[in-house]
Amino acid sequence: MSAALLKASGLTVRFGGVTALDGLELSVNVGETLGLIGPNGSGKTTFFNALTGIVRVATGRAYLDGGDITGLAPRRVAAQGIARTFQRLRLLLELSVFDNLMLGQHLSLDHGMWINLFARHRLRGEVRRQADSARALLGAFSAALPARLYDSAGSLTMIDRRRVEICRALIREPKLLLLDEPSAGMTPDETAELMSDLLAVKAQRPRLSVIIIEHDMAVIERVSDRCAVLDYGRKLAEGSYAEVARDPIVRQAYLGED
Amino acid sequence: MARLGGQRVRNRKASTRQEVIVVDPGYLAQHLFNGLMLGVIYALVAVGFTLFFGVLDVIMFSHGDVVMLGAFTALATWIGLTDAGAASPSLLLFAMLVASIGLMALLGALTARILVLPLRQAPPMNVLLITLMTGTVLRESVRLFYPQGSNPKPFPRLLPTGAMEFGQFTLRFDSAILLVVGVAAIVSVHLALSRTRLGLAIRAVAQDSETASAMGIPFTATVLATFAIGSALAALAGLVNGLYYSEVSFNLGLLLGVIGFSAAVIGGLGNVYGAILGGFLFAALQTVGAVALPLASAYKDVFAFTVVIILMAIRPAGLLAERSAERV
Amino acid sequence: MKYSAVPALTAVLASAAVVLTILLVDNQWAVAGVVAGAAAILLLSSRFGWGVRIAASGAAHPIVVPAVVLAAVVVIVFVLREDNFALLMLCTVMLYAVAGLGLTVQFGQAGVVNFAGAAFFGIGAYATAVLSTKSSLPHYLVLPLAGACAAVIGSVLLLPLLRTRGHYAALITIAFGILFKTFLEVNDALGGPQGLKVPGFTMFGHAFNDPIVIDEQTEWSFYMAYAGLSFVLVAAAYAFVRRLERSWIGLAFDAVRLDETAASAFGVNVAAWKIVAFSVGNFLIGTAGAAYAMMTGFVAPTSFTFADSLILVSIVILGGLGNPLGLVPAALIVIILPEKLQVIQEYRFLLFALLVIVILLVRPGGLLPRAAREYFPDQSR
């Protein structure tokens, strides 16, 4: 029985008159992949935003590894070991792939004046080291990407951009990875490939926990250990994919069936 | 420059030097009236700013200079007509009104079409810079191409002269008329926005242009109409400004534009009532600064802008703003 | 086999020739022709990718190329040794380039908007006036101190600036610029509308304002000394800004500029980096203003209007936002052209405004668009 890495209890988020999260209870164990599904507007991305400090939490608490992360500013949440991708891909398209990955590495980089402005030979070594580890990570997702390390992110295909965004989130070895609809805009083949790579990477990082928001049920079925279904900001059901898919309440809410 | 955006106080009474400083109610009333007048002008300008921001997320830094250009258009119209022999003040006023409002509305729509709409996808800073430069172009064009453009020009007095005395306070008829006209214009804007179909279209586009288009509201036409209306208001503000101070100058738009922008920001960009409130608030700040500060009233602008900066530190989105949630 | 030095050297020598020609020639049409030709070449160069080759060439020879630049500047200054006005313009261009470098750090790198550049230039100038007359600090300390004053005074804007974005932030700096100028005009302690006199720069006993006497017949312009000072400042500022850009710090700035949300999601302290960029930039701008004041000998509020701030912004946009190298040709165009082409003197604000509008509509990247970051351009990938 692995320990709970993330525990959210009573999480409530309000936007003006709309209650986006309504007393949400959710937890994720170490090394587990939790699939988060639900109709549009059910609060999935809002949950990510609440965890990462982008939106204000009205009531409720969230704990990471026992520490209270409720209400922390995004950069502090990042420092605690949570990394994410965004529903609407948020790469810095003007910059190179390498620069984008280095944004993910930000908290581990040395920003001192000395090394950056004067002791340039040391910076040179740093850059080289980081480039090597960046290539290694990219290589796990695509054989062609490492060669494109210095190409601009804007010159990549959609699927390559998603790969880069995931690598950006992984590069600092987070405890918890939040993936927001990683398969959006991809063909089934591309999606399958991405998921294979993701599973392979996860196999090498047994203590990495993942929460993945998806609308593609095939993906959820394949990668998640457990599922949680949200509707109107509340958890509707929880369990394995098979259990959740059979649940009549879930089918009613999500698929509109009887 | 500081003079034209600021107050010219009429019938100012010097307070007598005594041990107890007696505040002359007439003096105060004069300042109050001036403040109201300024507030109306600022509100007219601020409403334009906020409308433009609402529909296109753009800050038209050239807006203040449109006010100036409206005043100059009116002046040129007057000069042209009087040279041709026209003499009736009401006819002249009417012609000036029509000319400045019409031409500025056209200019506003044109600017939107050529300079702003094409840059919708560009970084917002580019649009900001373009509107700043447009303002410079308008300002410099008047300075260079209007005869003796660098000198302030006298503006004709066309409203009924005469005044009423209330103790120490002199209420001039022309000022009262201008105040009424200004307020009426503001009220009309409110009514137009809330009661007409165009107003509805503008509000819809301001709130969510994609959905508005999906609902069949013509985006470009609405935007152009918004810019025309905002610029028409600017022209009116220019005309009122000219009639009140009996003078116009090529750089009157610069300070006025910044003030109008500040007013719109204080009230919360996108909120028309906020803009009106902001206009009067800024005028109040200037008035308080002029009355309360023992030193030169020139400091009133320093005072007012300092308060604006402080306000923005405390309430960055404005006083009446709604928070918009960013989608991630 | 290293990349040839020829492209970079050609660029340096061609630029030097253009600068010298523009400064020496009196005929307006000739000057206009040379400028048009140079601008055309610049535009062509990005079309044909010459810029990339020149940059690679320059990167491959980090000693030779800057040495040639230094030599070229020395030659230019020497050729102009008796021409006060030309040297004054040259110095002005270099100092405005320093201010432009400050704006580049703020706006081009970190995305912090600053429409009060002229005000910070002015703070540096006034600080120098006060420090050099009221204290006995050596002038080479007064300059950076004046820059520090600009940075410190600028920090009062930080709280509102940090809490606002885009347009609102622009408004704050505009309001400050107006506030500053009005304050100076009304405040007699700082000279009021007439301003203050500023003593000339003196270092190690040599007063820069003294003409340089060679022998009985020859006397060289004292502006030569200021040219030396300006060159030192612009070279140092350029190296500093370049290194800043090509480092982890530059990357942090980029993240702040391009996407604050994504940046903070990965731990970037957006507020802190904005503060750094804004302050560093103001320091550069203030230092430039200080040197300029010492060179011209006086400081007055009329030099630091909003229009002047817009001129500074125009230089940065024209040169290519984010590309420090573009500042020099841009500054040349904006500052020297109106002086040389008397025809357009009166019209310069109008023309530059139109120019910026055209650029923003047609070629937002400016003369030399921003290049992709290479931390160590001479390093093979």
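Residues numbered from 1 in each chain as written. Chains lettered and ligands numbered in written order. Predicted model: local features only at pLDDT ≥ 70, side-chain atom pairs only at ≥ 80, totals over all residues. Heavy atoms only, no water.

J.: What's the story with the overall build of chain A in this structure? I'm lost.
T.: Summing up its helical and strand segments, chain A has ten helices and ten strands in all. Taken against the 2.2 N^0.38 rule, which gives 18 Å for 258 residues, the C-alpha radius of gyration of chain A at 19 Å falls within 12% of a compact globule. Seen through its principal axes, chain A has C-alpha atoms that stretch 65 × 40 × 40 Å. The burial tally for chain A puts 53% of its 258 residues in the buried class. Within chain A, contacts between residues at least 6 apart in sequence are counted, and of these 68% link residues at least 24 apart. (Helix = DSSP H or I, 4+ residues; strand = E, 2+ residues; numbered from the N terminus. Rg over C-alpha atoms; globule rule 2.2 N^0.38 Å. Buried < 20%, exposed > 50% of the residue type's maximum accessible area, 1.4 Å probe, protein only. Contact = heavy atoms within 4.5 Å.)

J.: Before we go on, may I ask you to explain the interface of chain C and chain B in this structure?
T.: Where the parts come together, the accessible area they lose is often given as the size of the interface. Taken together, the 41 residues of chain C in the interface contact 45 residues of chain B. Here chain C meets chain B over a buried area of about 3,900 Å², counting both sides, of which 82% is carbon and sulfur. The tally of links between chain C and chain B comes to one salt bridge. Of all elements in the fold, only α8 (158–162), α9 (166–186), α14 (306–319) and α17 (348–362) of chain C reach the threshold of two or more residues within the side of chain C that touches chain B. (Buried area = accessible area lost by both parts, 1.4 Å probe. Salt bridge = Lys/Arg side-chain N within 4 Å of Asp/Glu carboxyl O.)

J.: Please explain the sheet that holds strand β2 (residues 18–29) of chain A as it appears in this structure.
T.: What holds strands together in a sheet is hydrogen bonding between their backbones, with the strands either parallel or antiparallel. Residue and element names in this part refer to chain A. Overall, antiparallel pairing links the four strands, which are arranged β2-β1-β4-β5 in an open sheet. The open sheet has two free edges, formed respectively by β2 and β5 (67–68), since each of these has just one partner strand. Bridge analysis of strand β4 (residues 59–64) against β5 gives two bridges, and the strand direction is antiparallel. Pairing of L64 across the sheet is with G67, part of β5. (Pairing = 2+ DSSP bridges.)

J.: Would you mind going over the environment of E219 of chain C with me for this structure?
T.: Mapped onto the elements, E219 of chain C comes out in strand β5 (residues 219–220). C-alpha separation for the pair E219 of chain C and R81 of chain C, spaced 138 residues apart in sequence, amounts to 8.7 Å.

J.: Quick question: what am I supposed to make of the nonpolar core here?
T.: Soluble, globular proteins show a tendency: their nonpolar side chains are buried together. Ranked by size, the top nonpolar core spans 296 residues in total, and within it L101 of chain A together with F115 of chain C carry the most contacts. If near-sequence neighbours (up to four positions away) are discounted, L101 of chain A is found in contact with A134, L138, L149, V164, C167, R168 and I171 of chain A. Counting residues in each nonpolar core, the second largest holds 29 residues, with A8, A62, V77 and L176 of chain A among its members. (Core = buried A, V, L, I, M, F, W, Y, C linked by side-chain atoms within 4.5 Å.)

J.: Explanation requested: the pattern of salt bridges in the structure shown.
T.: Any two side chains of opposite charge can pair, so long as their charged atoms come close to each other. Counting across every chain of the model gives 25 salt bridges over all chains. As a salt-bridge pair, E126 of chain A and R129 of chain A come within 2.9 Å of each other at their nearest N and O atoms. Within this pair, E126 of chain A and its partner R129 of chain A are both found in helix α5 (residues 120–141), separated by three residues, close to a single helical turn. The exposure class assigned to R129 of chain A is exposed, which follows from its relative accessible area of 52%. K235 of chain A is the partner of E238 of chain A in a salt bridge, and the nearest nitrogen-oxygen pair spans 2.5 Å. Each of E94 and D99 of chain A together with D254, R257 and R373 of chain C takes part in one network of salt bridges that share partners.

J.: Would you explain the interface of chain C and chain A in this entry?
T.: Taken together, the 31 residues of chain C in the interface contact 36 residues of chain A. Summing both sides of the interface, chain C and chain A together bury roughly 3,200 Å²; the carbon and sulfur share of this comes to 67%. Taken as a group, W248, F266 and F376 of chain C account for 28% of the area that chain C buries against chain A, more than any other trio of residues on that side. Taken together, the links from chain C to chain A amount to three salt bridges. For D99 of chain A, the salt bridge identified is with R373 of chain C, shortest N-O distance 2.9 Å. For the interface between chain C and chain A, the tally reads ten residue pairs in polar contact (both at pLDDT 80 or more). Elements represented by at least two residues in the side of chain C that touches chain A include exactly α10 (223–245), α11 (248–258) and α12 (260–265) of chain C. In terms of residue class, the side of chain C that touches chain A is built from 16 nonpolar, six polar and nine charged. (Polar contact = N/O pair within 3.5 Å; in protein donor to acceptor, adjacent residues only side chain to side chain. Nonpolar A, V, L, I, M, F, W, Y, C, P; charged D, E, K, R; others polar.)

J.: I would appreciate a short explanation of unusual backbone geometry in the present structure.
T.: Apart from glycine, the bulk of residues carry a negative phi angle, and the bulk of peptide bonds sit in the trans form. Although it is not a glycine, D65 of chain A adopts a positive phi angle of roughly 55 degrees. By secondary structure assignment, the location of D65 of chain A is in the loop between β4 and β5. For Q148 of chain B, which is not glycine, the phi dihedral falls at a positive 55 degrees. Looking at the secondary structure, you find Q148 of chain B in the loop between α5 (124–145) and β1 (153–154). Under the relative-accessibility criterion, Q148 of chain B is labelled exposed at 60%.

J.: Can you help me understand helix α12 (residues 299–314) of chain B in this one?
T.: Residues spaced three or four apart along an α-helix point in a common direction, a consequence of the helix completing one turn every 3.6 residues. Here α12 of chain B is 16 residues long and its end C-alpha atoms lie 23 Å apart, about the 22 Å a rise of 1.5 Å per residue gives. Listed as buried for α12 of chain B are Y299, K300, D301, V302, A304, F305, V308, I309, M312 and A313 of chain B. (Expected span 1.5 Å × (residues − 1).)

J.: For this particular structure, what's the right way to read the environment of F115 of chain C?
T.: Looking at the secondary structure, you find F115 of chain C in the loop between α5 (84–109) and α6 (117–134). Since its relative accessible area comes to 1%, F115 of chain C is described here as buried. As for F115 of chain C and A307 of chain C, which are separated by 192 residues in sequence, their C-alpha atoms are 9.6 Å apart. Those residues in contact with F115 of chain C that sit more than four places away from it in its chain are L128, L129 and L132 of chain B together with A170, T173, I174, F306, S309, L310 and V313 of chain C.

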